[in-house]
Amino acid sequence: MAKIDDPYSFAAWCRESLADFTKLNAEKQVFFGFVLAIFIAAIIKVIDVTGGLPSVYEHFIYLPLFFAGLLLGPRIGALGGFVCGLALSPLSLPDDAIADSEIGVGWLVRLLILTLLPTIAGLIANSVRELVAMEKKAKHTYQGTELPNMAAFVEQLKQIGADENGNANDLVDIFNFKLQNLERIQHQIGTERTEKLMRQLAEQLKKMIGDSAHIGQTSQNELVGVSTDTKHSHQELEEKLKKLLQRPIVIDGVSYNLESATGVLRTNKANIKERAEEVVEQAQHHAFEAREQKKSFSFLEDDDAINSISDASFSRQLTDAIERNDIKLYYQPRLNANTGYFSVLEVVVKWTDPKRGDMSPDDFRPLIEEAALTEQFTCWMVKKAFEDIRYWHKNEFVVRVSLHITLNDVIEPGVLNVVARELQDSKFPARDFSLEVSEKALMRISDKAKRYLEKLRSIGVNVIADHFGEGASTIQSLFVLPVDAVKLSEDLVRKATSNSDKKRALLSMVKMARSRGLKTIATGVDDRSKLLLLRQIGCEELQGSILSKPQSKDDIPWARIR
């Protein structure tokens, strides 16, 4: 028996014949449908003239017409049924071949059935095909712009990789455009005009890149493209793309200029064929890095891409972990040493990985830094924390929250901007929210980040210098740092419990901070000796495993929080 995928099998011949038929124009389809109907009617007429079929088989004559309607559509099916009905009518058969019951209206009923049956079958088939096409379109287009989405783009890449024309070493360019000011434009002109703008930009990019290009949309402010025309050098590509993006796009008579961080990854067909999804992730990661480095264009050769595959892979792992809820926020209460109640909830993030096990930020921070994901991940932490804050605030829980935002010892203006937006949207009192920033980040803060931080402080947000005492800072730095509290390093507290000189240094630091009006916070309080020492020297807030471990949001001891 021939296999289904055998190109010489009968099934393959039928599929190819049907595909070829559907490509014909309407006139040719009607002509072939008419010929088919005459052929079926002739067979039925011969059967009737020669004595007919046994009654159990007589209704089988409808099957060819039913399938003709399903496969060829309602018009050709109806035509075939009508011709068959006429061929079996008293108009064409001799009187002795027609039953008396059909002389009157019987043949008209048969004509009607023979016409309606393939018509209905064709209409049903068309409806099913339209539904399938709509479903496929919904799965493969970006809602609103109707541009190909990520699924369609990856599918297109796979087709390019599997194309047998040429060889596996043929190069392919993958483009990624991150539009940096699109959100602001959308607020000005609305969603509908923004979608028109994106469609027009996609058309212009296709013209610029070439006829072989395929352009798609993967997010609200991100376009992607692929081209097999790699004759241009990266300098030529950069020049052409910059010229294109410098030209304003006109929508309804109004001009708009788009700002884009563009990444181009040049790889070969073999890479795409074997790992299309990873290549797309690498291209996205490359554009993200360009944006972070304030570049409008960045080009990555194939050899360089190989060296960065692990980064893209980790980016996907991190995204998948967030979607699977493997990364969660916990809250560790902080004790007010004066009242004896917990007064602050500090955000603690944990990642439970199937292979690596439980990981704290210290465990996965190097991976995030290597993959340039720190700002993206920190923004996710801020937004996730404010989801819980909104719930608590709405239900009138009295709570203060503290969040560390310098995983890579850098204060990112983008993160501070997200904090400001979340505070505004949630209506959460700014005085009840604290930002913890590392001492190193404070010592090398940029002018822009410093302005943002001061603006947040001006509305009431508390800024805490974290890990204070373990870096290059001294007591004198307390007079210049833009902070409201200092969080003493665990190492400083640990050494003070066993070394008298370290104890005096810690005491001096606490007194100096108090004279400056700064609150002192100690963490890592994991035994009774540390607890007694910190209370003795007047540390105001204490945190550690002996007091309370990090809790999920459902297990927070609200009765002990004041």
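Just so it is clear, the structure is predicted and the values come from calculations on it, not from any experiment.

What counts and how
- Residues numbered from 1 in each chain as written.
- Predicted model: local features only at pLDDT ≥ 70, side-chain atom pairs only at ≥ 80, totals over all residues.
- Heavy atoms only, no water.
- Helix = DSSP H or I, 4+ residues; strand = E, 2+ residues; numbered from the N terminus.
- Buried < 20%, exposed > 50% of the residue type's maximum accessible area, 1.4 Å probe, protein only.
- Areas by Shrake-Rupley, 256 points an atom, 1.4 Å probe, with all protein chains shown as cover.
- Salt bridge = Lys/Arg side-chain N within 4 Å of Asp/Glu carboxyl O.
- Pairing = 2+ DSSP bridges.
- Axes fitted to C-alpha atoms, helices over the stretch in contact; angles between N-to-C directions.
- Contact = heavy atoms within 4.5 Å.
- Expected span 1.5 Å × (residues − 1).
- Arc of directions from axis to C-beta.
- Parallel < 35°, antiparallel > 145°, perpendicular 65-115°, else oblique.
- Left-handed = near helix turned anticlockwise from the far one by under 90°.
- Patch = residues over 30% accessible without salt bridge, like charges linked within 9 Å, V, L, I, M, F, W, Y side chains within 5 Å.
- Lys, Arg positive; Asp, Glu negative; His and termini not counted.
- Charge placed at Lys NZ, Arg CZ, Asp CG, Glu CD.
- Nonpolar A, V, L, I, M, F, W, Y, C, P; charged D, E, K, R; others polar.
- Core = buried A, V, L, I, M, F, W, Y, C linked by side-chain atoms within 4.5 Å.
- Phe/Tyr/Trp six-rings, centres within 6.5 Å; stacked < 30°, edge-to-face > 60°.
- Lys NZ or Arg CZ within 6 Å of the ring centre and 35° of its normal.

Colleague: Is there a simple way to think about the overall build of the chain in this case?
Modeller: When helices and strands are counted, the chain shows 21 helices and 16 strands. Looking at the chain residue by residue over its 562 residues, the buried ones come to 44%. Here the chain has roughly 30000 Å² of accessible surface; of this, 53% comes from carbon and sulfur atoms.

Colleague: Help me understand the pattern of salt bridges in this model?
Modeller: Any two side chains of opposite charge can pair, given that their charged atoms come close. Under the counting rule described, the total for this entry stands at 22 salt bridges. Between Lys487 and Glu436 there is a salt bridge, and its shortest N-O distance comes to 2.9 Å. With Lys487 in strand S14 (residues 485-488) and Glu436 in strand S12 (residues 433-438), this pair connects stretches of sequence that are 51 residues apart. The pair formed by Lys487 and Glu436 is uniform in burial state, with each residue classed as buried. With a closest N to O distance of 3.4 Å, Lys519 and Glu541 form a salt bridge. With Lys519 in strand S15 (residues 519-522) and Glu541 in strand S16 (residues 541-542), the pair connects residues that are 22 residues apart, well separated along the chain. A single salt-bridge network, built from bridges that share partners, covers Arg334, Glu346, Arg400, Glu436, Lys487, Lys519 and Glu541.

Colleague: I'm lost on unusual backbone geometry in this one. Help?
Modeller: Trans is the common state for peptide bonds, and a negative phi is the common state for residues other than glycine. For Glu146, which is not a glycine, the phi torsion comes out positive at approximately 65°. Inspection of the secondary structure puts Glu146 in the loop between helix H5 (100-140) and helix H6 (150-162). With a phi angle near 55°, Asp252 is a residue other than glycine that sits in the positive phi range. Checked against the element boundaries, Asp252 lands in the loop between strand S4 (249-251) and strand S5 (254-256).

Colleague: What exactly am I supposed to notice about the sheet that holds strand S1 (residues 171-179) here?
Modeller: Sheet strands associate in pairs through backbone hydrogen bonding, adopting either a parallel or an antiparallel arrangement. Strand order across the open sheet formed by five strands is S2-S3-S1-S6-S7, with mixed pairing between neighbours. Each of the sheet's edge strands pairs with one partner strand only, and the pair in question is strand S2 (214-219) and strand S7 (297-300). The mean angle between the axes of side-by-side strands here comes to 20°, regardless of whether they run parallel or antiparallel. Relative to S7, strand S6 (residues 260-268) runs parallel, the two sharing four bridges. Within the sheet, the bridge partner assigned to Leu265 lies in S7 and is Leu300. Contacts from H6 reach S1, S2 and strand S3 (222-227) within the one sheet, and its direction differs from that of S3 by about 15°. Running at roughly 150° to S7, helix H9 (residues 234-246) makes contact with S1, S6 and S7 of the sheet.

Colleague: Looking at this structure, I do not really get helix H20 (residues 500-515). What am I missing?
Modeller: It helps to recall that an α-helix has 3.6 residues per turn; residues three or four apart then point in one direction. Its 16 residues place the ends of H20 23 Å apart at the C-alpha level, agreeing with the 22 Å of an ideal helix rising 1.5 Å per residue. Those residues of H20 lying buried are Leu506, Met509, Val510 and Ala513. Down the axis of H20, the buried set is contained in an arc of 95°. They therefore lie on one face. In H20, the exposed positions that point more than 90 degrees away from the buried face belong to Lys511 and Ser515. Just downstream of H20 lies Gly517, where phi reads positive at about 80°.

Colleague: Help me understand the packing of helix H16 (residues 413-426) against helix H18 (residues 447-458) in this model?
Modeller: For any two helices packed against each other, one specifies the inter-axial angle together with the distance between the axes. One way to put it is that H16 packs onto H18 with a least axis distance of 9 Å and a crossing angle of 20°. It follows from the interaxial angle that H16 and H18 lie roughly parallel. Seen along the crossing, H16 lies across H18 with a hand that is left-handed. Between H16 and H18, the contacting residues are Pro413, Leu416, Val419, Ala420 and Leu423 on the first element and Lys448, Ala449, Tyr452, Leu453 and Leu456 on the second.

Colleague: Even after reading the chapter, I still don't get a positive patch on the surface, so can you show me in this structure?
Modeller: Together, Lys294, Lys448, Arg451 and Lys455 line one region of the surface with positive charge. Position of Lys455 relative to the elements: it lies in helix H18.

Colleague: Help me understand the side chain of Thr145 in this model?
Modeller: Mapped onto the fold, Thr145 is located in the loop between H5 and H6. For Thr145, a relative accessible area of 4% puts it in the buried group.

Colleague: Could you clarify how one ought to interpret the pairing of S1 in this entry?
Modeller: Each regular strand displays side chains that alternate between the two surfaces of the sheet. Of all the nine residues making up S1, eight are buried; the element is thus mostly covered by neighbouring parts of the structure. Strand direction decides the pairing type here: S1 and S6, joined by nine bridges, are antiparallel. Among the inter-strand pairings, Leu179 is bridged to a residue of S6, identified as Ser260. As paired strands, S1 and S3 are joined by six bridges and run antiparallel to one another. Across the sheet, residue Asn176 finds its bridge partner in S3, namely Val224.

Colleague: I keep staring at a nonpolar patch on the surface and nothing clicks. Help me out?
Modeller: Residues Leu112, Leu116, Ile120, Ile124, Val128 and Val132 make up a contiguous nonpolar surface patch of roughly 530 Å² in combined accessible area. Following the sequence through the fold, Val132 ends up in helix H5.

Colleague: Which parts of the structure should I look at to understand the environment of Lys273?
Modeller: Within the secondary structure layout, Lys273 lies in helix H10 (residues 269-274). When the C-alpha atoms of Lys273 and Leu157 are compared, they prove to be 7.7 Å apart, with 116 residues separating the residues in sequence.

Colleague: Which parts of the structure should I look at to understand the packing of helix H7 (residues 182-189) against helix H8 (residues 191-209)?
Modeller: One way to put it is that H7 packs onto H8 with a least axis distance of 7 Å and a crossing angle of 135°. If you check the angle between H7 and H8, you find them oblique. Across the interface between the two elements, Leu182, Ile185, Gln186 and Ile189 of H7 pack against Thr191, Arg193, Thr194, Leu197 and Met198 of H8. Along the lines of polarity and charge, the residues of the contact of H7 with H8 split into five nonpolar, three polar and one charged.

Colleague: Sorry, what's going on with the environment of Ser489 here?
Modeller: Mapped onto the secondary structure, Ser489 falls in the loop between S14 and helix H19 (490-496). Its relative accessible area of 1% is what places Ser489 among the buried residues. With 24 residues separating them in the primary sequence, Ser489 and Ala465 have C-alpha atoms 10.0 Å apart.

Colleague: What is the right way to read the nonpolar core from this model?
Modeller: For soluble globular proteins, nonpolar side chains are generally found buried alongside one another. Membership of the largest hydrophobic core comes to 72 residues, with the highest contact counts inside it found for Phe377, Ile411, Phe433, Leu435 and Leu534. Considering every element that reaches this core, the biggest residue donor is helix H15 (residues 374-394), with nine residues. In terms of nonpolar packing, the next biggest core, distinct from the first, is built from 28 residues, Leu147, Ile209, Ile215 and Ile249 among them.

Colleague: Just checking my understanding: could you explain the packing of aromatic side chains for this structure?
Modeller: Remark: the centre distance and the inter-plane angle together describe each pair of aromatic rings, the angle taken between the planes. Tallied over the entire structure, the rule returns six aromatic pairs. Ring centres 5.0 Å apart and planes at 75° place the aromatic pair Tyr331 and Trp392 in the edge-to-face group. Of this pair, Tyr331 sits in strand S8 (residues 327-336) while Trp392 sits in helix H15; the two residues are 61 residues apart in sequence, bridging distant segments of the chain. Judged by relative accessible area, Tyr331 falls into the buried class, the value being 1%. Three or more aromatic residues joined by ring pairs form one cluster here, namely Tyr331, Trp392, Phe397 and Trp558. Seen from the ring of Tyr330, Lys350 lies directly overhead, with NZ or CZ sitting 5.2 Å from the centre.

The analysis is restricted to geometry; functional conclusions fall outside its scope.
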